[in-house]
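Below are the chains, spelled out letter by letter.
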Amino acid sequence: MKPFKHIITFLLIIAYMSPSVSEAQTTANISYTVSFPEAQAHYADIEMHISGLKQNTLDLKMPVWTPGSYLVREFAKNIEAFSADAGGKAVPSPKINKNTWRIATKGVSTVNIKYRVYANEISVRTSYIDASHGFLSTSGIFIYPANMLHAPSTIHIKPYKDWAKVSTSLEMVNNDPFTRVSPNYDILFDSPIEVGNQDVFGFDAAGVKYEVCMYGGGNYDKERLKKDLHSIVEQETAIFGENPNKHYVFIVHNHLRGGGGLEHLSSTVLGASRDNYATEKGYQSFLSLAAHEHFHLWNVKRLRPIVLGPFDYDNENYTTNLWIAEGFTEYYQEIAVRRTNLYSPENYLGQIAGEFNILENLPGRNVQTVAESSFDAWIKAYRPNENSNNTTISYYNKGAIIGMMLDLEIINSSKGKYSLDDVMKYMYTEYYKTKKRGYTDAEFKLGFEKFAGKKLDDFYKNYINGLTPVDYNKYLGYAGYKIVDELADNNDPAFGVATAVTANKKLIVTSVVRGTSAYIDGINVNDELVAIDDNPVTDAATMLNGKKTGDKIKVDVIRDGLPLTLQVTLLKSTRVKYKIVPVGNETAQQLLVRKKWLSI
Ligand SMILES: [Zn+2]
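A few points on the structure. The shown structure was predicted, so the numbers you read here are calculated from the model rather than taken from an experiment.

**A short note on unusual backbone geometry**
So, step 1. Between Gly309 and Pro310 the backbone carries a cis peptide bond, its omega angle lying at -15°.
So, step 2. Inspection of the secondary structure puts Pro310 in the loop between helix 5 (280–295) and helix 6 (322–339).
So, step 3. In this structure, His42 takes a positive phi of about 75° despite not being glycine.
So, step 4. On the basis of relative accessibility, which here comes to 16%, the residue His42 falls in the buried class.
So, step 5. Located in the positive-phi region is Lys106, a residue other than glycine, with phi close to 45°.

**Concerning the packing of aromatic side chains**
So, step 1. Scanning the model with the defined rule gives 49 aromatic pairs in all.
So, step 2. Their ring planes at 65° and their centres at 6.4 Å tell us that Tyr318 and Trp378 sit as a pair that is edge-to-face. Of this pair, Tyr318 sits in the loop between helix 5 and helix 6 while Trp378 sits in the loop between helix 8 (370–375) and helix 9 (388–391), and the two are 60 residues apart along the sequence.
So, step 3. Overall, Tyr318 belongs to the partly exposed group, its relative accessible area being 38%.
So, step 4. In this structure, Arg116 packs its charged tip against the face of Tyr43, placed 4.2 Å from the ring centre.
So, step 5. For the cation-ring pair, Lys435 lies above Tyr431, with the distance from its terminal atom to the ring centre recorded as 4.9 Å.

**Quick notes on helix 7 (residues 345–360)**
So, step 1. The end-to-end C-alpha separation of helix 7 is 23 Å, in line with the 22 Å expected for 16 residues at 1.5 Å each.
So, step 2. Within the sequence span of helix 7, burial applies to Pro345, Tyr348, Leu349, Ile352, Ala353, Glu355, Phe356, Asn357, Leu359 and Glu360.

**Some details on the coordination of the zinc ion**
So, step 1. The coordination sphere of the zinc ion, as far as protein atoms go, consists of His292 (NE2), His296 (NE2) and Glu326 (OE), spread over 1.9 to 2.1 Å.
So, step 2. Between the donor residues of the zinc ion, the gaps in sequence give the motif H-x3-H-x29-E.
So, step 3. Residue His292 is classed as buried on the basis of its relative accessible area, which comes to 4%.

**Remarks on helix 11 (residues 420–435)**
So, step 1. Relative to the 22 Å expected for 16 residues at 1.5 Å per residue, helix 11 spans 21 Å between its end C-alpha atoms, a close match to the ideal helical length.
So, step 2. The set of residues buried in helix 11 consists of Leu420, Asp421, Val423, Met424, Met427, Tyr428, Tyr431 and Tyr432.
So, step 3. One or two positions beyond helix 11, positive phi appears at Lys436, with a value near 55°.

**Side note on the pairing of strand 17 (residues 193–196)**
Consecutive side chains along a regular strand alternate between the two faces of the sheet.
So, step 1. Of the two faces of strand 17, the one lined by Ile193 and Val195 and the one lined by Glu194 and Gly196 are each fully buried.
So, step 2. With four bridges joining them, strand 11 (residues 133–136) and strand 17 adopt antiparallel strand pairing. From the neighbouring strand, Leu136 faces strand 17, where its bridge partner is Ile193.
So, step 3. Of the pairings in the sheet, the one linking strand 14 (residues 165–167) to strand 17 comprises three bridges and is antiparallel in character. For Val166, the partnering residue across the bridge sits in strand 17 and is Val195.

**Looking at the sheet that holds strand 4 (residues 79–86)**
So, step 1. With mixed pairing, the eight strands of this open sheet are ordered in space as 5-4-8-2-1-13-16-15. Looking at strand neighbours, the two that pair on one side only are strand 5 (89–91) and strand 15 (171–173), the edges of this open sheet. Recorded for the sheet is a direction-independent mean angle of 30° between the axes of neighbouring strands.
So, step 2. For strand 4 and strand 8 (residues 111–118), the ladder comprises six bridges, and the chain directions are antiparallel. Bridge pairing in strand 8 links Ser83 to Lys114.

**Some words on the nonpolar core**
Nonpolar side chains in soluble globular proteins tend to end up buried together.
So, step 1. With 152 residues, the main nonpolar core has Phe36, Ile113 and Trp597 as its most contacted residues.
So, step 2. Here this core takes 10 residues from helix 10 (residues 395–413), the largest share from any one element.
So, step 3. The residues contacting Ile113, other than those within four sequence positions of it, are Ile46, Glu47, Met48, Ile50, Leu60, Phe82, Ser83, Ala84, Ile103 and Ile143.
So, step 4. In terms of nonpolar packing, the next biggest core, distinct from the first, is built from 18 residues, Ala518, Ile532, Leu566 and Leu570 among them.

Rules used throughout
Residues numbered from 1 in each chain as written. Predicted model: local features only at pLDDT ≥ 70, side-chain atom pairs only at ≥ 80, totals over all residues. Heavy atoms only, no water. Helix = DSSP H or I, 4+ residues; strand = E, 2+ residues; numbered from the N terminus. Buried < 20%, exposed > 50% of the residue type's maximum accessible area, 1.4 Å probe, protein only. Phe/Tyr/Trp six-rings, centres within 6.5 Å; stacked < 30°, edge-to-face > 60°. Lys NZ or Arg CZ within 6 Å of the ring centre and 35° of its normal. Expected span 1.5 Å × (residues − 1). Donors = N, O, S within 2.8 Å, 3.2 Å for Na, K, Ca; no water. Pairing = 2+ DSSP bridges. Axes fitted to C-alpha atoms, helices over the stretch in contact; angles between N-to-C directions. Core = buried A, V, L, I, M, F, W, Y, C linked by side-chain atoms within 4.5 Å. Contact = heavy atoms within 4.5 Å.

If you want it as structure tokens, here you go:
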């Protein structure tokens, strides 16, 4: 990334002027050797070699989080058997806090460190190693010397047994796939490494070499995937006007049931279910996920909130703009797939209506703004509890809806001349390429206003920093659509709980929806539902059979081992289920906006 080059230049100047610690920092040589003598027990063994040091104390640190996944994960918890020698002599390496080891180097220039990493958590943002492969989520594998985040390093991989391939966006040294180089730690921590016998295939798109690396098997059709991923890459590149990579890697982990993805600068890690590719629904959801993570190579990896890079790897990095970084990516994942014609316009409208239904059925929409949702991702979105739906929203979900609202606003007010695409391209060019930094909240707002041709103070007050209900018909109306609630005539009562069935067939309340019958009359999370009006309750779907709105029912529960009877008045269900339909007799302007919005 260009911003980091400037930092290196700056440090070199300081080093020249004052040959002290900074000089040592810029001249140290760092290499790692990663081996897997006990891959079957989920271990990687790391040897780190640093030479050219000119300092008395060396602090080595492990990041506490991985960019893109906003939770402090304490990767140092997986490190064991840490040892160090300085100039060939064993030296103490005490920990001085949760993720820092201190070595008294006393002027010795060469230090070797050894440690082991236990990697047994299957997810796209954590490392996982077993006898079949090694997935290295690098921020949880490599320690780094404090104050040397700018330093380059070399990584040697010694594969386990018959592992024959390495897939990563890190560049090879001397055409050796097992030796890779990283220009600095921001890039190393943003470049996951897959080692094993993965199925690797590639395609060229937008002038970039794309590599797809499939671990875990699956019923995917390689040729179809290459063709469709190619279309998505081309569509997304067209939005920003350029594709800044030379080489990009899709690392895909196929499991019995897998999902999720994590974006990186020149690669992504996707989770998938290995048997899902053969169904249209499963295949489309895989393409949407790939489109989402790939879109991030611009939105958040390069066009980014100002605090998200260079990163602070010791602490939470707070931003109120994840509704742009994630929400707009969610919006564009569907728009990009729509533009490839892999979706029909109707299919797309169904997808976006699904986003409306998620938000409108969430009591948290009246509590948390989308800016707050973003800021508190670290303690709320990534740490949900039984009450989360009552108090929080998702910046992915509401962010996608805001993306749609602003897209339609801009298309409408510019009479089809501009769309949200133009804002994204402008912000990418202006901030990532020209100013070489992230954007502030106010700067992105100016970007919207530039193409909408109007001030958006009220929009921000209502929808970004406020709790005003979304006026769907206003925005959809620009394109000649409106929402219809398919449950408008429904008078059925709702109890208002989510439940789970335990192994011994007990029906346990797992959440209670604010404002519902259960909430008002005192049903609690962890209550075991036993009977309603003396009839045993066996499953949640049928427990209100025969009951009407307004009925007063007797609910027997067991709470903390004791029987308890509650009287509950059944209220009408407030659930909505919107679909999007044409308003009819659309004007020329509405048809123009529709055509631009849906690429039809
Ligand atoms: Zn994302």
